[in-house]
Amino acid sequence: MSELRSADDVLSVSNLSISYRRRARAMRVVSDVSFSIRRGEAYGLVGESGCGKSTIAMAVMAYLADNALIDGGSIRLLGDEVIGARAADLREWRASRVAMVYQDPGSSLNPTMRVGRQLAEVYRYHDHVSWDAANASALTMFERVQFADPRTILERYPHELSGGQQQRVMIAMALAANPALLILDEPTTGLDATVEAEILDLVEELLRDIGTAALFISHNLAIVSRLCDRVGVLYAGRLVEEGPASEVLHTPHHPYSIGLLNSIPHWGATKDHLRLLPIPGDPPALGQIPSGCAFASRCAIAEDACLAAPPPLAPCSGVHSLSACLRRDDAADLAAVVAKNEAADGPAPVATPVRIGREAVVEVTDVIKRFSAHGTTLTAVSDLSLTLHRGEILGLVGESGSGKTTLARTIAGLYRADGGVVRVGDATTRSRRERASFLQMVFQNPDTALNAKFRVARLLGRSVKRLNPGLSADERQAKVLDVARSVKLQESHLDLLPGALSGGLKQRVAIGRAFTGDPTVVVLDEPASALDVSVQATILNLLVDLQREHDLAYLFISHDLSVVRYLSDRIAVMYLGELVEIGPAESVMRPPHHPYTEVLLSANAAAIAAGRARIRLRGPSPSLANPPSGCRFHTRCPRSLGELCATVAPPMQVADAGHQYRCHIEPSALATLQSLRPDAAAARDAETTTDTDATTTRSTRGHS
Amino acid sequence: MSALELSSRSRLDSRRARARATFGQLLRSASFDVGAVIVVFWIVDAIFWHALVPQDPQALNPLAALQGPTAAHWFGTDWLGRDVFSRTLAGSTSVLEIAPLATLLGIAGGTVVGLVTGYYGGAVDALVMRLVDAFLAFPLVIIAVLVLSLLGTSEITVIVLIGVIFTPVVSRTVRSVVLVERDKEYVASARLRGEGDWYIMTAEILPNVTTPIIVESTVRLGYAIFTAATLSFLSLGIQQPSPDWGLTISLGRQYLQIAPWIVLFPAVALATLVVAVNLVADSIQQVMAQ
Amino acid sequence: MKNESGLNEYEYHLYDTLRNGDFSRRDFIRKATAMGITVPIIGSILNAVEPAVAGAASRSAHAVAPKRGGIARVGVNVPTAAPDPVMMADEGGIVTVQMAGEYLVTPDQNWNLQPVLAQSWKSTNPKTWTFTLRKGVKFHNGQTMTADDVVATFNRLTDPKVGSAALSAFNGILAKGQIEKVSDYVVTFHLSVPFVDFPYLLSPFNYNAIILPRNYKIGTFMKTGSGTGAYKVTGYTPDQGATFAKNTSYWSPGMPYLNGIKLSYYQDTATGVLDMQGGQYDYLPSITYGSGQALFSNPNVVIQRHASSGYRTIQMRTDIAPFNNVYLRRAVADSLDRKGMIKALLGGFATLGNDDYFAPVFPISKLASKQVPQRSQNIAKAKQELAQGGQPNGFAVTLTTEQYQEIPNLAVVIQQNLKSIGVDVTLNVETQTAYYGSGANQPWLSTPFGITDWGARGVPSQGITPAYTCSGTWNSAHWCNTSYDKLLGSLNASLDETTRMRIAAQMATIQHDAVPDAIAYWLDDLQAHGKNVHIGYAPSNYVNPRAMWLA
Amino acid sequence: MLTYLSKRLLLALVTLVLVSFIVFLASDVLPGDVGRTILGNFATQAQVHALDVKLGLDHPLLDRYWIWVSHFVRGNWGTSYTLQVPVFGLVMRHFLNSLILGAFALVLIVPISITFGVLAATHHDRPLDRVISVTGMSMLALPEFVTGIVVLVVFSIVVHWFPVSSSVPVFSLPSIVRNLFLPALPEMVLIFGYVSRMARAGTVEALNAGYTRTAVLKGLPRHRVMMRHVLRNSLLPTITVVAVQAGYLVGSLIVVETIFNYPGIGNLIYTAATNHDQPVLQAAVFLVALVYTLSNLAADLLYAVFNPRVRLAS
């Protein structure tokens, strides 16, 4: 793409190919990638894990791993070639021409050095100023990244800061030497939604103010669409589509981009209205990229020509985008992709009867769960009551540390409650085995949830044996095959160890295992959050299908509001170990709702992209060991009434039928407050402020 | 059941393939090769030394005592006129008997203790770990000296002693990995389907901690050889007239100046074995860590 | 009792024997000095027989005049217990104590007793011995030594309540209360039985017999100046060493020669030998062939070699299987390669043993040595004896012994020797502590087959009484032969040297035939010192500090 | 920090109590009886019994344990059975000697080991690293008596540079070097093996850590990256390991001190064990365990002091 290079380019990457050597074998991870970023431009690089995003970033920083080999191409930074540059030049360019913010701020900061010093260092060694001057500059920089008390932060060690604060320090450090290009490599992954929103706000503001160019790397289309001017989509080490953010994310011209967008439940979608459309198949394994179009095997519209050679990235007609698809201009075919994928995945959604009001299968009453460690006691769940009914999906949301998982494990019986009663099933469900066949659980991380030393057949077989006593060996074998089929595993998978399976297949095994005993209740603890979006869609669809088929009750835990909203019949919201709101999904999404729910909603990237107003949390997250008095949320509540909230624990207010929230503000008043725009600056789109359940076309918006 | 046949074949294949890959990786490591060749040599020697020695290692020849290396006695003769070459070859048996058995004992004991304490945690764990701490506060050799000077020595005593001394060390390693495994969801899921503790410990967790146990075994084996030899040297292990290296070095020390070959060859032999075992252990550790 | 020549009965007897040619001159002098016969009388007897030899009786003087000054550095094994004259039983302790303490009498190189703290002694009969003490001897603490101290010393040693290490040596010979103070400088010992060799029990051969102050408290020797010797203790650090300074008020004028002695302890002999080579010691009073290897070829080191009565019992219990059969014991004795043992284990520094206690070094062994045929390795004969003993195909037996000097190697040789006649020996080499044990558990006394180290004794009955008599406390072979015991009684009571030699030969024959212990060799005492170092004679690796000087 | 400190202290205390009990039990089950050991073979049973009573051996086990512990903490460590001297002075003197020897070895070899370890890490997987790693590993693996003998042959017998047996040096450099170098050498070999390995592993880890990447990509000069970011973090665990190892060295002292006849605690323990000198054995072994536990504690504290994560924890 050399013709695109101009004097204005901060970064220009052309025909870059990188491979990793592993055991004397070279594995291509980046193939023939070209793109450039102009001064002041924000460029987003999007793709699923393993597509080569971070490798490109590290190549730009000239900091590839020892076993990485640049096979060809060029990387120019303000016109100077990075590949093969002298160490002294690189040292000079780093920080001043290009700086980076990493995915994991915790490990990217030196644990034995005060953060102020770590920042001041940059001034000391780049501007060659005295330590005093460097410290003064550091203070100014900390003010710029909006620390409430920058002076004290200077003196802190990394471990004394929260994840969000650490990332602010990293951003301050990256911007210290006024780089021409800022690389952000998944800067908010691992942060809570509310914190993520704050960091993104900050980045957005800084980029706007400073005019630094940015290379933004993310798997999250919603974030990219919010921040970037142009977007490149990577698949298996190749750029498959590039163009202005609005175009790529709204009218993609590559089947992969289309597939990605269709995999995500867009804001407001629910399972009863629409089915997610995952991309069939798996991306090629590392080092096994086929000679032709790498996506051909998963593509609904692939032709023989696609297998011959990788299609070039070429302009599409009528738009500014470039696409590496031979049928890039075939808009009608792109629609066909959708249809074919749909057909491949399963039946279209069916509206299901109302599930609320059937008999309770799990009843939690005033449950308390404490943990003690290092001499302090944390109350992870306090006085929590809720009911799960037969056949319903109850979504449980909250930030990390809110007690979601603890509650789930207490319900499952993995933890013994320190107070209150957990009733699972009816009076007949007494023994461990009865309980086991009644309730099962699916965990977040299939890597650790499956015993790595057991083959799939044994993983399922053992569960069949335990949960279906009395079956003969043949019957058990048949049941295993049955279960495998129901979670869409092939027979050949049965003989594999989990290590040989992809993340999605592993999670199917885990789900299959949970279903071997035909349970009534399944607790799903973030079952899809560790997976790439296209795989996540498959898993969510599978869960929906199984639930319908077996009339199951799900307790579905997620930090992702879009997913929870998509899946749940009812939603429960937890904050600091307390249940702050519970009610039918759509009712909870709508005012009046708990101010914390309001904040969560406003922080949801998909919701932001959908135009919700941003409401900011105040103050730091309080410690569970020492929860605030009165309303636990009062220290951060944007709607706090002051004294009352700080001293008196709020009552449960009834907003609607079956919809309750814990607040001092009564429903009508709260509904009025929340219908107004609290922050004019953040509300970019007045029409959508209250448009919480607007249905938009599925291919236009992403989620987080 | 052709599907089953097929599957069992593919299972075998995949297992073989994995073993091949691991082994192949090991073979590519030069230090492993060197170490393994030496270790295998000494193991073969320990078993078949009868066929290898040119002379009876116990045969006395008082008139030919303390002779330097000659064509008849490649490594010279010792103070009783015995052939040092033959004795050096025969000397590997005792240490290669004691060390693996002691290691096995220590690994078995340590695995059981580590599994139980790591899995159950709580008061038992705290108590056992305090005891382990207390036990580990004594240098290994001191414990050995203490016990052996009290109980007297025999090969069995030495094996049991080293095994017992290793148990807390191994249990710590095993416990630390069990602590990690215990909190993994596959254990939770086993509990959720009502598995008993014993099943979870042995069938679920144990297979997942074999790698550190294997690594620990190889490391322990090196220490066991080291310890057994040191005990022999301190006259607390093997007894005369065994050609055991440590014992020979201890006894031959007084002839160091006039007949250094008596001590030199067993010392070199011991050094090669110990270093070789450690080379192998190190390589295994590295490959396993990947 | 005196006859016409002015000699007493015994003196006359000696004269008679000498004249008849039954005695060599040396034997006569040894015997005479032991009996406390004064030098003038010895001279007159010798003159009567053969005037020319008279000069030999006088103490041989050094060929070179001793040089004075300097500090001798002496190394010895670390004592296993705090050095104390009453309790000591190990080399390190004995050497340490002998640096400062003295005996009534001491042997010279020919085992003639020389007066030290005693000036003269005589026996009216073999049961009554009178010692005249030297006047003007002072303990290092200033106390004057008198008969009270001597009486107290021997009462202490013979008091069962004290539990001294010399109890066994005096057992049945001298008991507490049998020591009489005749005057301030005369002491009479009233023995329980006749014991012709009694003065040897007051010499370094019975190393605990150091004269101590009457008010001595056990355990205080290294602190309180309780010795009378040429050197006094100036410092002592447990398990490191001790220092001694010249005793300026020593009773023998002109002595000693050195300014002081620095005694260092080593943990094992090998280390001591290495240090000797490194020039860190002037004198190692006790080395062994095994550990001293490097010194034998060192041109800067002089090795002193003296025959001794130290030996190893290859003991076979005569009261339990398999060795309750005398043929099997003989088979063992006949299978031993004694010469090979001496060569390989001791580098030739030993004399052949013949399974009886009458070591060549004892003067009365002369006849025994001639009469009893020497055993040497004879496999055919041994096999035949095995058959006679009912074990033609051999048998299996465990040999239990101790970790001490060449003994483990001796065990290995025995194992190999017995293998050649089909006897399968399992070795069980224990630490000395374990082997000797304590209380009811003393493996060395109970094992069916063992090897035990025995130190040198000045006179045969001193070793025979505990080891080979029916009532012997250390009779590890559990051998009991009443005629042998009776002969021992006669031996101790007889004044006639020819008779004594005849009795000795009889006893040797009985013991040789019965083989309670195979006695393969008699060790030589080995001492090492630098070329410029002069040491006096002391038996059994003990020290004679007052004779030391540095050239 | 204070919580951490008090918790560590408490743990150490519990360990020590257990240690003292183990020591007491182990030496108490000495076969044979103590009185007999002291008095020898020829004492009567009555005498032995009298002595047992005098030594308090007729009391129940727990009473004796209590008596022993309470005497021990007051510095009354009893009298050596074989040497008849107070145990306290004896053990302390030997301990001090070992301390001198150990300190000499540590001071000399630790900086070298760390340097080589860091060097190996910066040449990760290259020939220099291989050489250093394999050498270090071999050094760690070799029994002290093998290295000790080799050292002895080479330096004392072949070239006569050092004396074959060592005494405690007087306070002068030539004396220190002359007396301590040889016995310290096998220790140094061991420490080198251990410390260089730790330093290498720590540095490799630090070099691969995110914060090092940050430091490099901040464009800092190489020396700043190495000193302030890499080594500061990698040598922390190494230093604490050295502290722990200092206590553990005592085990190897038994062999080394025996070979070189150095009057240290290892030597004392070995002799006391073979002579069944119970009071000395008890005191010396307990002292060693005490030192080990304390050095562990010190390592923890050191780690806490250097590691803000621990230091600043409430």
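Definitions and limits used
- Residues numbered from 1 in each chain as written.
- Chains lettered and ligands numbered in written order.
- Predicted model: local features only at pLDDT ≥ 70, side-chain atom pairs only at ≥ 80, totals over all residues.
- Heavy atoms only, no water.
- Helix = DSSP H or I, 4+ residues; strand = E, 2+ residues; numbered from the N terminus.
- Buried < 20%, exposed > 50% of the residue type's maximum accessible area, 1.4 Å probe, protein only.
- Contact = heavy atoms within 4.5 Å.
- Areas by Shrake-Rupley, 256 points an atom, 1.4 Å probe, with all protein chains shown as cover.
- Axes fitted to C-alpha atoms, helices over the stretch in contact; angles between N-to-C directions.
- Parallel < 35°, antiparallel > 145°, perpendicular 65-115°, else oblique.
- Left-handed = near helix turned anticlockwise from the far one by under 90°.
- Nonpolar A, V, L, I, M, F, W, Y, C, P; charged D, E, K, R; others polar.
- Patch = residues over 30% accessible without salt bridge, like charges linked within 9 Å, V, L, I, M, F, W, Y side chains within 5 Å.
- Salt bridge = Lys/Arg side-chain N within 4 Å of Asp/Glu carboxyl O.
- Disulfide = S-S within 2.5 Å.
- Pairing = 2+ DSSP bridges.
- Buried area = accessible area lost by both parts, 1.4 Å probe.
- Polar contact = N/O pair within 3.5 Å; in protein donor to acceptor, adjacent residues only side chain to side chain.
- Expected span 1.5 Å × (residues − 1).
- Phe/Tyr/Trp six-rings, centres within 6.5 Å; stacked < 30°, edge-to-face > 60°.
- Lys NZ or Arg CZ within 6 Å of the ring centre and 35° of its normal.
- pLDDT = per-residue confidence, 0-100.

(A) Main features of the overall build of chain B. The helix and strand inventory of chain B stands at 12 helices and zero strands. Ordered by position from N to C terminus, the α and β elements of chain B give α-α-α-α-α-α-α-α-α-α-α-α. Expressed as a percentage of its 290 residues, the buried residues of chain B come to 58%. Here the analysis covers contacts within chain B between residues at least 6 apart in sequence; of these, 71% occur between residues at least 24 apart. Counting every atom, chain B has about 11,200 Å² of accessible surface; 69% of that belongs to carbon and sulfur.

(B) Structural detail: the overall build of chain A. Looking only at helices and strands, one finds 25 helices and 23 strands in chain A. Every one of the 704 residues in chain A was classed for burial, and the buried ones make up 58%. Within chain A, contacts between residues separated by at least 24 positions form 68% of all contacts whose residues are at least 6 apart in sequence. On chain A, roughly 26,600 Å² of surface is accessible, and the fraction owed to carbon and sulfur atoms is 49%.

(C) Representation of the packing of helix H2 (residues 30-52) of chain B against helix H4 (residues 92-120) of chain B in the model. All names here are of chain B. With their axes 8 Å apart at the nearest point, H2 and H4 run at an angle of 110° to one another. Taken together, the axes of H2 and H4 lie roughly perpendicular to each other. For the element pair H2 and H4, the recorded crossing hand is left-handed. When H2 is examined against H4, the residues Trp 42, Ile 43, Asp 45, Ala 46 and Trp 49 are found in contact with a partner set consisting of Ser 92, Thr 93 and Leu 96. Taken together, the residues of the contact of H2 with H4 break down into five nonpolar, two polar and one charged.

(D) Molecular detail of helix H11 (residues 245-252) of chain B. Of all eight residues that make up H11(B), eight are buried, and the element is covered over most of its length. Taken residue by residue, H11(B) has B:Trp245, B:Gly246, B:Leu247, B:Thr248, B:Ile249, B:Ser250, B:Leu251 and B:Gly252 as its buried positions.

(E) A look at a nonpolar patch on the surface. Residues and elements named next belong to chain B. Nonpolar side chains collect at one region of the surface, where Val 40, Ile 43, Val 44, Ile 47, Phe 48 and Leu 52 lie side by side and expose about 540 Å² of accessible area between them. Its location among the elements puts Val 40 in helix H2. According to the relative accessible area criterion, Val 40 is partly exposed, its value standing at 48%.

(F) How the structure looks around the state of the cysteines. Tallied over the entire structure, the rule returns one disulfide over all chains. Residue pairing for C:Cys470: its cysteine sulfur links by disulfide to C:Cys480, the two sulfurs lying 1.8 Å apart. The sign of the 95° torsion about the S-S bond sets the C:Cys470-C:Cys480 disulfide as right-handed. In this pair, C:Cys470 sits in the loop between helix H17 (460-468) and helix H18 (482-493) while C:Cys480 sits in the loop between H17 and H18, placing the two residues 10 residues apart along the sequence. Looking at A:Cys293, it has no disulfide partner, and the nearest cysteine sulfur is the one in A:Cys306, 5.7 Å off. Just so you know, A:Cys299 is unpaired, no disulfide at all, and the nearest cysteine sulfur is the one on A:Cys325, 5.9 Å from it. According to the relative accessible area criterion, A:Cys299 is buried, its value standing at 16%.

(G) Structural detail: the sheet that holds strand S4 (residues 68-77) of chain A. Residues and elements named next belong to chain A. On the basis of which strands lie adjacent, the open sheet formed by four strands has the order S2-S1-S4-S5 and antiparallel pairing. Edge positions in the sheet fall to strand S2 (25-38) and strand S5 (80-81), since each has one partner strand and no second. Where strand S1 (residues 9-22) and S4 come together, eight bridges link them in antiparallel fashion. Within the sheet, the bridge partner assigned to Ser 19 lies in S4 and is Leu 69.

(H) Looking closely at the interface of chain D and chain B. At the interface, 42 residues of chain D touch 37 residues of chain B. Between chain D and chain B, a total of about 3,600 Å² is buried, with carbon and sulfur atoms accounting for 81% of that surface. The tally of links from chain D across to chain B stands at one salt bridge. The closest approach of N and O atoms between B:Asp282 and D:Arg197, which form a salt bridge, is 2.5 Å. The tally of links between chain D and chain B comes to three residue pairs in polar contact (both at pLDDT 80 or more). Of all the elements in the fold, those that place two or more residues in the side of chain D that touches chain B are helix H1 (2-28), helix H6 (127-141), helix H7 (144-158), helix H10 (222-260), helix H11 (265-275) and helix H12 (278-306) of chain D. Its residues assigned to classes, the side of chain D that touches chain B shows 35 nonpolar, five polar and two charged.

(I) A look at the side chain of A:Ser19. Residue and element names in this part refer to chain A. As for its placement among the helices and strands, Ser 19 is situated in strand S1. Relative accessible area serves as the criterion here: at 2%, Ser 19 is assigned to the buried category. Beyond its immediate stretch of four places on either side in the chain, Ser 19 contacts Ala 26, Met 27, Arg 28, Val 29, Asn 67, Ala 68, Leu 69 and Asp 71.

(J) Structural context of helix H9 (residues 197-208) of chain B. Look at H9(B): 16 Å from first C-alpha to last across 12 residues, which is about the 16 Å you get at 1.5 Å a residue. Regarding H9(B), the residues found buried are B:Tyr199, B:Ile200, B:Met201, B:Ala203, B:Glu204, B:Ile205 and B:Asn208.

(K) Spotlight on the packing of aromatic side chains. Counted according to the given criterion, the structure contains 58 aromatic pairs over all chains. For the pair C:Tyr200 and C:Phe205, a centre-to-centre distance of 6.0 Å together with 45° between the ring planes defines the contact as tilted. Between D:Phe155 and D:Phe181, the ring centres sit 6.3 Å apart and the planes meet at 80°, which makes this aromatic pair edge-to-face. With D:Phe155 in helix H7 and D:Phe181 in helix H8 (residues 173-207), this pair connects stretches of sequence that are 26 residues apart. Across this residue pair, the class does not change: D:Phe155 and D:Phe181 are buried. Lying over the aromatic face of A:Phe454, A:Arg458 brings its terminal NZ or CZ to 3.6 Å of the ring centre. B:Arg220 extends its terminal NZ or CZ atom over the ring of B:Phe166, reaching a point 5.0 Å from the ring centre.

(L) Layout of the pairing of strand S6 (residues 98-101) of chain A. Residue and element names in this part refer to chain A. With burial as the criterion, each face of S6 is covered, one bearing Val 98 and Met 100 and the other bearing Ala 99 and Val 101. For S6 and strand S7 (residues 181-185), the ladder comprises four bridges, and the chain directions are parallel. Along S7, the bridge assignment pairs Val 98 with Leu 181.

(M) Focus on the pattern of salt bridges. Enumeration according to the criterion identifies 62 salt bridges over all chains in this entry. Among the salt bridges present, the one from B:Glu195 reaches B:Arg193, with a minimum N-O distance of 2.8 Å. By the burial criterion, B:Glu195 is buried, and B:Arg193 matches it. Note that C:Asp355 is salt-bridged to C:Arg338, the shortest N-O span being 2.9 Å. With C:Asp355 in the loop between strand S13 (350-352) and helix H12 (366-371) and C:Arg338 in helix H11 (residues 338-346), this pair connects stretches of sequence that are 17 residues apart. Take C:Asp355: its relative accessible area is 0%, and that puts it in the buried class. C:Arg338 gets classed as buried once you look at its relative accessible area, which sits at 2%.

(N) The arrangement of the side chain of A:Glu598 in detail. Mapped onto the fold, A:Glu598 is located in helix H22 (residues 595-603). With near-sequence residues (within four places) excluded, A:Glu598 lies in contact with A:His593, A:Ile615, A:Arg639 and A:Gln674.

(O) Here's a closer look at unusual backbone geometry. The omega angle of the peptide bond from A:Pro591 to A:Pro592 is 0°, so this bond is cis rather than trans. Note that the residue after C:Met255, namely C:Pro256, is joined by a cis bond; omega there is -10°. Here C:Pro256 shows up in the loop between strand S9 (241-246) and strand S10 (260-266). The phi dihedral of A:Lys488 is positive, around 60°, even though this residue is not glycine. Within the secondary structure, A:Lys488 is located in the loop between helix H17 (473-486) and helix H18 (503-515). Within the chain, B:Leu66 stands out as a residue other than glycine whose phi angle is a positive 55°. By the element assignment, B:Leu66 lies in the loop between H2 and helix H3 (84-90).

(P) Main features of the confidence of the model for chain A. All names here are of chain A. Summarising the model, chain A shows a mean pLDDT of 84, and 89% of its residues fall at 70 or more. Taken as a whole, residues 1-5 scores under 50 in pLDDT and shows eight contacts with residues more than four places along the chain or in a different chain. Considering only residues more than four positions removed or in separate chains, one finds that residues 677-704, a stretch of pLDDT under 50, has 63 contacts.

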